[in-house]
Amino acid sequence: MNVLIIKENRNAFEKFVTKQLGKYATVVPVYGNYSFASRGLRKIQKKIPILNNYLWIWFGKWRQQLLKYDKIIIFDISMEQELIDYVIKKPYNNRFVLWFWNSFEQLPVDFKSLRACSFDKRNCERFNFRHVEQFYFDIVPILQDEYMNDIFFIGEDKGRLDKIREIASILVSYNLTCNIKVKTDQKNEKDKNIQYIDQMYPYEEVISNIQESKCILEICKTDQIGLSLRALEALFFKKKLITNNQEISQYDFYNKNNIFIIGVDDINQIVEFVNGL
């Protein structure tokens, strides 16, 4: 099957994902030009209703090659309404699939009659998406005998900062060595349990931090039901997982010796869990 993935690369992690997906499909960005001038012109054009319908002229060369692909996946952050409005007019729009890689309260776009998939079961039920489990990449893990940290977390705030602070404080109170990095505008210099970062690390560096740690900490949004990337990282790199996702106990890979569920398991056993075999 000949597959095209339309996907943006807005940060180091997205570039890493694009590189991995490129092993299995053709991956292209939405627009053909990302210069400062072209981005500025697009912003102006979007504000003018009569011109907004012609934003497709900025799309990449892929728009002239769609017929050669059996399946065309529009990948999460690439979903702009202008792009959806463009592809829905194609007589072969049944080749298009939307993949939502993040959870949300309200639809980010009107996906009209296009097929849509998500890892989040709640979003699938609410918005009539097809449920598809998360995926990970074919990376050879490096197994280590010595660790620099007990617990590792990296992520953006996304409304989770108070919960991250609370859990970090609890873990540190048990004398566990925590490497917790959060990208947020709500920095608190007095908070010694968290390292605040201005931008996300290259994913190769994230992997290095994972490999240097015994456990991965996962903090899901309260309304999320589905496996996050952190859970897959724990499985793939053979790390223990500390998570607030209570639904994870329903998966066939669940093992209480490897997965500690916050709010379910006894927090007084956390040190034994982290250091246990």
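Here goes a summary of the coordinates provided. The numbers attached to residues start from 1 for each chain and follow its sequence in the written order. Local features in this predicted model are restricted to residues of pLDDT 70 or higher, and side-chain atom pairs are both shown and tallied only at a pLDDT of 80 or more, whereas totals for entire chains, interfaces and linings draw on every residue. Hydrogen atoms and water are omitted, and side-chain values are computed over all heavy atoms in the structure.

## Thoughts on the pattern of salt bridges
Here is step 1: Salt bridge, as used here: a side-chain nitrogen of Lys or Arg that lies within 4 Å of a carboxyl oxygen of Asp or Glu. By the definition in use, this model includes 11 salt bridges.
Here is step 2: Between Arg-126 and Glu-105 there is a salt bridge; the shortest N-O distance is 3.4 Å. Here Arg-126, found in helix H5 (residues 121-127), pairs with Glu-105, found in the loop between strand S4 (96-100) and strand S5 (115-118); they are 21 residues apart in sequence, far enough to count as distant.
Here is step 3: Burial classes: relative accessible area under 20% of the type maximum marks a residue as buried, over 50% as exposed, and values in between as partly exposed (1.4 Å probe, protein chains only). Overall, the relative accessible area of 46% leaves Glu-105 in the partly exposed class.
Here is step 4: Across the pair Arg-230 and Glu-233 runs a salt bridge whose closest N-O atoms are separated by 2.6 Å. Of this pair, Arg-230 and Glu-233 both sit in helix H8 (residues 229-236), three residues apart, which is roughly one turn of the helix. Grouping residues by exposure puts Arg-230 and Glu-233 together as buried.
Here is step 5: Each of Arg-10, Lys-46 and Glu-80 takes part in one network of salt bridges that share partners. Think of it this way: any DSSP run of H or I at least four residues long counts as a helix, any run of E at least two long counts as a strand, and we number them from the N terminus.

## Comments concerning a nonpolar patch on the surface
Here is step 1: Residues enter patches when they are more than 30% accessible in relative terms and free of salt bridges; like-charged ones are connected within 9 Å and nonpolar ones (Val, Leu, Ile, Met, Phe, Trp, Tyr) within 5 Å. Each accessible area is a Shrake-Rupley result for a 1.4 Å probe, and residues are judged covered by the shown protein chains and nothing else. Where nonpolar side chains cluster on the molecular surface, the patch consists of Leu-41, Ile-44, Ile-48, Ile-50 and Leu-51 and spans about 460 Å² of accessible area.
Here is step 2: Contributions of two or more residues to the nonpolar patch are made by helix H2 (36-46) and helix H3 (49-52).
Here is step 3: Topologically, Ile-50 is positioned in helix H3.

## Structural notes on the environment of Gly-32
Here is step 1: With respect to the element layout, Gly-32 can be found in the loop between strand S2 (26-28) and H2.
Here is step 2: Since its relative accessible area comes to 59%, Gly-32 is described here as exposed.
Here is step 3: Along the chain, Gly-32 and Val-87 lie 55 residues apart, while their C-alpha atoms are 16 Å from each other.
Here is step 4: In this structure Gly-32 touches Trp-58, Phe-59 and Gly-60, once residues within four positions along its chain are discounted. Residue contacts follow a heavy-atom distance rule, with two residues in contact if any of their heavy atoms lie within 4.5 Å.

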